[in-house]
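Architecture and fold: a report
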Amino acid sequence: TLLQFYPERPQRSDACLHLLQTLRCHRTGNDQHWSMYDIVFSLPAAANLQAQEFLTGRYKISFQLGDLLFDLLRFKPAKILLADSDLSGLGRQLFNPGGQQVSGRKENSLLACWRQEGNRWQRFKAKLRRQQADHLLYLRHIPEHNVILGLQAKSNQPIDEMMAQTILQNYRAR
């Protein structure tokens with residue numbers, strides 16, 4: 001909601017204050033619903049927005065949910081981005097070296113996943129360096145919208161696969 005008040009008309013101040021007092025968040029359930037440009041998503045209410053980056057052809061919206069840091073990614077136009085490569089090629093550019101692709105290519109050319117899991121020692125070292133040892137990247141190509149949506153997550157705890165899947169399922173293009 002965007003409101004503009006004109007200080008040179010003080011007689012309308014009461015009406016403006018009344019209007020502001022009537023605004024309410026009508027959220028139902030434990031999720032917060034977001035809609036920006038051509039994407040919509042739902043996240044747990046505890047997820048806190050950390051940063052956002054809107055560049056031509058690429059969005060990155062960063063959140064924190066407990067120990068989990070995650071970015072919702074959007075790339076468009078997918079047809080151009082995938083002209084010389086496939087989803088696996090794009091993922092290799094985005095994911096940490098040393099991570100392993102665990103799905104994609106032959107099984108499903110529209111979805112790819114990469115994972116890197118740290119052991120206890122790696123998590124300890126990463127925590128001392130204020131970094132994360134566990135990383136996860138999902139990329140999903142949606143040809144009918146000519147878009148690639150992704151979830152990039154990192155944590156110093158094992159990443160909950162079910163929660164990551166739920167976040168990705170609730171992330172859609174319009």
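Report on the accompanying structure. (Residues numbered from 1 in each chain as written. Predicted model: local features only at pLDDT ≥ 70, side-chain atom pairs only at ≥ 80, totals over all residues. Heavy atoms only, no water.)

1. Some points on the packing of aromatic side chains
The criterion, for reference: Working definition: rings of Phe, Tyr and Trp (its six-membered ring) pair if their centres are within 6.5 Å, and the pair is stacked with planes under 30 degrees apart, edge-to-face with planes over 60 apart, and tilted otherwise. Only DSSP runs of H or I with at least four residues qualify as helices, and only runs of E with at least two residues qualify as strands; both kinds are numbered from the N terminus onward. Between buried and exposed lies partly exposed: a residue is buried under 20% and exposed over 50% of the maximum accessible area for its type, with that area taken using a 1.4 Å probe on protein chains only. Here, over-ring charges are defined by two tests on the NZ atom of lysine or the CZ atom of arginine: distance to the ring centre within 6 Å, and angle to the ring normal within 35 degrees.
Enumeration over the complete set of coordinates arrives at 8 aromatic pairs. Ring centres of phenylalanine 41 and phenylalanine 63 lie 5.9 Å apart, and the angle between their planes is 75 degrees; this geometry places the pair in the edge-to-face category. Here the residue phenylalanine 41 occupies a position in strand 2 (residues 39–44), and phenylalanine 63 occupies one in strand 4 (residues 58–65), the gap between them amounting to 22 residues. Per residue, the accessibility class of phenylalanine 41 equals that of phenylalanine 63, and both read buried. Summarising the aromatic geometry, the rings of phenylalanine 63 and phenylalanine 70 are spaced 5.6 Å apart at their centres and angled 20 degrees between planes, so their arrangement reads as stacked. Given a relative accessible area of 1%, phenylalanine 63 falls into the buried group. Members of the aromatic cluster, connected to one another through ring pairs, are Trp34, Phe41, Phe63, Phe70 and Tyr171. A cation sits over an aromatic face here: arginine 74 above tyrosine 59, 4.0 Å from the ring centre.

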